Amino acid sequence: MSAPQAIHTVRARWHALSPREQRGLTVLAALLGVWLFWAVALAPALHTLRDSDNRRAQIGQQHSQMLALQAQAQTLQTRTPLSRDEALRVLQGLTPGNQIQLTVQGDRVSVQLKAVPATALVNWLAQARSQAQALPEEAHLTRNAVAASAVVWDGSLVLLLPKRDAKP
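1. Notes on the side chain of S83
Turning to its location among the elements, S83 is positioned in the loop between α2 (19-78) and α3 (84-94). Residue S83 is classed as buried on the basis of its relative accessible area of 17%. Engagement of the side chain of S83 in a polar contact is seen with the backbone nitrogen of E86, the distance being 3.2 Å.

2. Looking at the pattern of salt bridges
Counted according to the given criterion, the structure contains four salt bridges. Linking D53 and R56 is a salt bridge whose minimum nitrogen-to-oxygen distance equals 2.9 Å. One end of the pair is D53 and the other is R56, both in helix α2 and three residues apart, which spans about a single turn. Considered together, D53 and R56 belong to a single accessibility category, that of exposed residues. Here R108 and E137 are joined by a salt bridge, their closest N and O atoms 2.5 Å apart. Residue R108 is found in strand β2 (residues 108-117), and its partner E137 is found in strand β3 (residues 135-145); the two are separated by 29 residues along the sequence. Owing to a relative accessible area of 39%, R108 belongs among the partly exposed residues under this scheme. Through salt bridges with shared partners, a single ionic network connects R84, D85 and D107.

What counts and how
Residues numbered from 1 in each chain as written. Predicted model: local features only at pLDDT ≥ 70, side-chain atom pairs only at ≥ 80, totals over all residues. Heavy atoms only, no water. Helix = DSSP H or I, 4+ residues; strand = E, 2+ residues; numbered from the N terminus. Buried < 20%, exposed > 50% of the residue type's maximum accessible area, 1.4 Å probe, protein only. Polar contact = N/O pair within 3.5 Å; in protein donor to acceptor, adjacent residues only side chain to side chain. Salt bridge = Lys/Arg side-chain N within 4 Å of Asp/Glu carboxyl O.

Without other data, these values stay purely geometric and don't point to any function.
In structure tokens form, the structure reads like this:
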């Protein structure tokens, strides 16, 4: 059946319907059109609108993190480099007690950790990076829970010291 024949058949059936049936089908077609318009055009737009506050908050948080990283990078760029010996002295001065032990091997420092609390390890690593300019190169750590809320770390780290010829 061709398109003109199909249109002719539909029109003939339409005219064969009573006015009440025609109104009912017209209302049904209108409701179907409204539903399709809602499902295709409005629902996704409303979902995007509802989600926009959450996305805006996430983007704001990411922007703040990026600004903090930018400030940190600028600080790292403007600091004066330490010599290897000076960095080693600073690193040894940062190392507490017998929980963290250092072994120097050229421009590398092997660090042995024995039951170091998590917060102490984080602080020590941050200070080693910022004050001694030592960069972590390798890590082999094991997490141990001493008590319900206390976490300690055992293992080894390898830190890379600044090159010998760095001038302060």
